[in-house]
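Structural characterization, general
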Amino acid sequence: MAPPEWTVVDFIHRGPWWKNHGIRVLNLLLIVPLLTASINGLDSSLVNGLQILPAWQDFFKHPNGKTLGLISAVQVIGSIAGLPFTPLCSDHLGRRPTLFIGAVIMLAGVALQGSATGIGMFIGARGLIGFGLTFTLNAAPLLITELAYPTQRGKLTSMYNASWYFGSILSAWACFGALRGAGTSPWSWRVPTLVQALGPIIQVFLIWLVPESPRFLVAKGRESKAAHALARFHSMTGDERDPLIVFEMAQIRHALKMEKEIARNTSFSTLFATPGNRKRMCIIIALAIFSQWSGNGLVSYYINLVLEGVGITDAGTKAAINGGLQVWNLVAAMSGALLVDRLGRRTLFIISNVGMLIDFGAWTLTTALFNTLNDAAAAKATIPFIFIFYFFYDIAYTPMLIAYTLEILPFNIRAKGFAVMNLVVSLTLAFNQFVNPWALDAIGWRYYLVYCGWLIIELVFIVVYIIETKGRTLEETAALFDGEQQPHVLMQTGGEAATMSMGIPRGPGIWIEDEKSTVTDIVEMRDAMPQRLGEPSRCSTAMVDEEWGSSSSDTRNWEAI
């Protein structure tokens, strides 16, 4: 297929993003949905920190075994209960209303948890928080992915899950501060639980300032509002006839048209209806399992047991190690998020799995030496190995689990496929939270050998099945699994739309039902148009060769922008 005269590379902003008013305002607004991952990190890490507090242990009569497992897992159980409803809300009500609903439910759960008078009330509150959290977890990354500026999307969606550690840091140090400040008072555990309300309160009041997803608006026939939102934040002039806006609208409309032709009625069965979708879901389900079964669950939820397993029993020391680990995790995860467009998704996944396998083997060895020979030096060596393990985990699985999932899913099944990913994560989490404490009690350090074997399986899968997606628009990336022709068709459609827009007088308000837009005409008339047999654009040839090292329009990446 002949290349279009113009491609998206010719129209994107090339300077620092903070010098472009539209991108600057958009990125600031996207902090509101980005908070969701931090809220999740705070909620998920809280029980881990509370276990270290003597006041919490005394108030709830030192829960252990099945009771401790239930306290840790009930939030996940609440999330699973909400999963059937979240994609329906996101697809029918929109991304913003779904996030708002989840934030309100979480506030109710936090109020109940902070006033808990017994273990049953505490467990019920955790379940309610999990139920509300699953709504925000479904809507927020969809909104970020579908609204972000093209060159910012990879970094923002990767930073979304990486910001989980902001919440876990706040949780760890809130518990540490409460321990130092309130000692054995019940407020030493109530205050950290009430801190959970901060994020949902911000989202309840500010989410309506964030525009709705343009892809959702186009899918609902509201092209005018979609183009207005794109022009406001993606165009340097605010013009709806800006070639970049025309290009994006063309790809969105054509992608939705292709998706509807493949599946007229979208349901959860659509996720497995075609070879492309089955390949997508195989990868997504595998990554969801790997994200929780790589050994990270041992420290994420039972750091108290892990540290006691190597002889560290002082509450202050354990709280300090936990807090320091969360800061380390944040630095590693953000580093991975900033490298996704430079090194690529596949490369980071391979580096991550190789590093985890080697390090976890060493971690297992030092733990075994301490438990069998009471070797104090081995116990001290275990702590650095835990930090190194999380470095390798965080550079790939933390930033890219959600980002990669959303990239490879087309719009019509994105919310449902993402819900399945969250379901698998929740199920594996629940398994971990019930099984890990029992297994550690039963067989001790030998349980680590199970994870060593599993990490080998993970590495083989990553090498064989993960494909590279950097340097493509959202629609082109999703189309990779439906045959090589589909990404080229999308690029051709967008390029032709942008080419024709060059000769159209500029001005706002063209996306109305009567006119149906230039893009609609192009999508419907493309096959009737004579194919351009000339050279690639004068802009793209020079710039791509110089900045990206390739003149192929389907392999350009945006790391230099």
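Residues numbered from 1 in each chain as written. Predicted model: local features only at pLDDT ≥ 70, side-chain atom pairs only at ≥ 80, totals over all residues. Heavy atoms only, no water.

To continue, consider the overall build of the chain. Helices and strands together make up the secondary structure of the chain, namely 26 helices and 0 strands. Across the 561 residues in the chain, those meeting the buried criterion constitute 61%. (Helix = DSSP H or I, 4+ residues; strand = E, 2+ residues; numbered from the N terminus. Buried < 20%, exposed > 50% of the residue type's maximum accessible area, 1.4 Å probe, protein only.)

With that settled, the discussion passes to the nonpolar core. One finds Tyr160, Leu287, Leu298, Phe349, Phe360, Tyr397 and Met421 to be the most contacted residues of the largest nonpolar core, which totals 85 residues. Broken down by element, the residue count for this core peaks at 11 residues, all from helix 21 (residues 411–443). Excluding residues that lie within four positions of it along the chain, Phe360 makes contacts with Ser294, Gly295, Leu298, Phe389, Tyr448, Tyr451, Cys452 and Leu455. (Core = buried A, V, L, I, M, F, W, Y, C linked by side-chain atoms within 4.5 Å. Contact = heavy atoms within 4.5 Å.)

At Lys61, a residue that is not glycine, the phi angle is positive and equals roughly 60°. On the secondary structure map, Lys61 appears in the loop between helix 3 (54–59) and helix 4 (65–82). Among the residues examined, Lys61 registers a relative accessible area of 69% and is labelled exposed. Phi at His62 is positive, roughly 50°, even though this residue is not glycine. Along the polypeptide, His62 turns up in the loop between helix 3 and helix 4.

Structurally, the position occupied by Gly94 is in the loop between helix 5 (86–92) and helix 6 (95–114). Ignoring any residue separated from it by four or fewer positions in sequence, one finds Gly94 in contact with Cys89, Glu212 and Phe216.

With that settled, consider the environment of Thr193. Summarising the element assignment, Thr193 is placed in helix 10 (residues 187–194). Taking the C-alpha atoms as reference points, Thr193 and Ser171, 22 residues apart in sequence, are found 8.7 Å from one another. Setting aside chain neighbours within four positions, we find Thr193 in contact with Leu46, Leu50, Val110, Gln113 and Gly114. Engagement of the side chain of Thr193 in a polar contact is seen with the backbone oxygen of Arg190, the distance being 2.5 Å. (Polar contact = N/O pair within 3.5 Å; in protein donor to acceptor, adjacent residues only side chain to side chain.)

Attention now goes to the pattern of salt bridges. Under the criterion given, the structure shown has 9 salt bridges. For Arg153, the salt bridge identified is with Glu407, shortest N-O distance 3.1 Å. Of this pair, Arg153 sits in helix 8 (residues 153–162) while Glu407 sits in helix 20 (residues 397–408), and the two are 254 residues apart along the sequence. Here the residues in one salt-bridge network are Asp91, Arg95, Glu146, Arg414 and Lys416, joined through shared partners. (Salt bridge = Lys/Arg side-chain N within 4 Å of Asp/Glu carboxyl O.)

What follows deals with helix 1 (residues 21–29). If you check which residues of helix 1 are buried, you get Gly22, Ile23, Leu26, Asn27 and Leu29. For helix 1, the arc enclosing every buried residue in end-on projection is 160°, short of the 170-degree limit, so these residues lie on one face. The outward face of helix 1, more than 90 degrees from its buried face, is lined by the exposed residues His21 and Leu28. Of the surrounding secondary structure, the elements contacted by the buried residues of helix 1 are helix 2 (31–50), helix 7 (119–147), helix 8 and helix 13 (223–234). Its side-chain oxygen placed 3.0 Å from the backbone nitrogen of Gly22, Asn20 serves as the N-cap of helix 1. (Arc of directions from axis to C-beta.)

The next thing to look at is the side chain of Ser168. Locating Ser168 in the fold gives a position in helix 9 (residues 164–182). The class for Ser168 is buried, based on a relative accessible area of 1%. Apart from residues lying up to four places away in sequence, Ser168 is in contact with Gly41, Leu42, Ser45 and Gln326.

On to the packing of helix 2 against helix 6, then. It is the contact of helix 2 with helix 6, at a shortest axis distance of 13 Å, that shows an interaxial angle of 25°. When the axes of helix 2 and helix 6 are compared, the pair comes out roughly parallel. Judged by the twist between their axes, the crossing of helix 2 over helix 6 is left-handed. Residues Pro33, Thr36, Ile39, Asp43 and Leu46 of helix 2 pack against Leu99, Met106 and Gln113 of helix 6. Considered class by class, the residues forming the contact of helix 2 with helix 6 number 5 nonpolar, 2 polar and 1 charged. (Axes fitted to C-alpha atoms, helices over the stretch in contact; angles between N-to-C directions. Parallel < 35°, antiparallel > 145°, perpendicular 65-115°, else oblique. Left-handed = near helix turned anticlockwise from the far one by under 90°. Nonpolar A, V, L, I, M, F, W, Y, C, P; charged D, E, K, R; others polar.)

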